[in-house]
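Survey of secondary and tertiary structure
One-letter residues, chain by chain:
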Amino acid sequence: DTGVSQDPRHKITKRGQNVTFRCDPISEHNRLYWYRQTLGQGPEFLTYFQNEAQLEKSRLLSDRFSAERPKGSFSTLEIQRTEQGDSAMYLCASTPEGALLTEAFFGQGTRLTVV
Amino acid sequence: GEDVEQSLFLSVREGDSSVINCTYTDSSSTYLYWYKQEPGAGLQLLTYIFSNMDMKQDQRLTVLLNKKDKHLSLRIADTQTGDSAIYFCAEKRNTGKLIFGQGTTLQVKP
């Protein structure tokens, strides 16, 4: 296993279009997190899953955003009716369950540009 | 609030020590982290400290934690041009989510 994998690495879309990103965590990591990083800022927490259950959503996650993790393995993040303000790097991270210490392993991210 | 705060920019000369400071908000945070991000690259975990520790040293890196003041610092000894990057501190909440600062850009001049 080579780590957390995200696809695509880059996405350019027109305003108003829908986009979907995928994250494949490290296998057997049952916690999966989505973050968003805009230019000049640190990553901001969006949501997290423990197995297939979505346990927390940030208020940053508007109703245009939806995340799923149907089988407790990979996850998708969909943005509907994209806006220019959605342009950012979307990062995924995974950790094993119950790990107080364990570092979050981050993927390389999907950079979204809305034009 | 949830803010973790860092100074935005630090410039040092090669060979000098760099000290990057951070203040966090949640006194119940168990672990505090330092991440490095180079241009166009992902987040790289540099080091971490458990909340019951005051100091941790790892080669050129020294982390100091003042839990009373909720202040964290990262010292890089003998700073090299390859250390030029953005450095993020982060606190870990009990759900495992990380709250990041806005990042400190470290510029190392030859």
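Everything here concerns the structure above.
What comes next concerns the included structure. (Residues numbered from 1 in each chain as written. Chains lettered and ligands numbered in written order. Predicted model: local features only at pLDDT ≥ 70, side-chain atom pairs only at ≥ 80, totals over all residues. Heavy atoms only, no water.)

Digging into unusual backbone geometry
Note: most residues except glycine have negative phi, and most peptide bonds are trans. In this model, A:Asp7 is joined to A:Pro8 through a cis peptide bond whose omega is -5 degrees. Within the secondary structure, A:Pro8 sits in the loop between β1 (5-7) and β2 (10-13). One non-glycine residue, A:Glu28, lies in positive phi territory at about 75 degrees. With respect to the element layout, A:Glu28 can be found in the loop between β3 (19-24) and β4 (31-37). Even without being glycine, B:Asp78 reaches a positive phi, approximately 50 degrees. Locating B:Asp78 in the fold gives a position in the loop between β8 (71-76) and β9 (85-92). Among the residues examined, B:Asp78 registers a relative accessible area of 40% and is labelled partly exposed. (Helix = DSSP H or I, 4+ residues; strand = E, 2+ residues; numbered from the N terminus. Buried < 20%, exposed > 50% of the residue type's maximum accessible area, 1.4 Å probe, protein only.)

Overview of the pattern of salt bridges
Residue and element names in this part refer to chain A. With the rule as written, the count across this model stands at eight salt bridges over all chains. Two residues, Asp24 and Arg22, come together in a salt bridge whose shortest N-O distance is 2.7 Å. Residue classification places Asp24 among the partly exposed residues on the basis of a relative accessible area of 26%. The exposure class assigned to Arg22 is partly exposed, which follows from its relative accessible area of 33%. Members of the salt-bridge network, linked through shared partners, are Arg64, Glu83 and Asp86. (Salt bridge = Lys/Arg side-chain N within 4 Å of Asp/Glu carboxyl O.)

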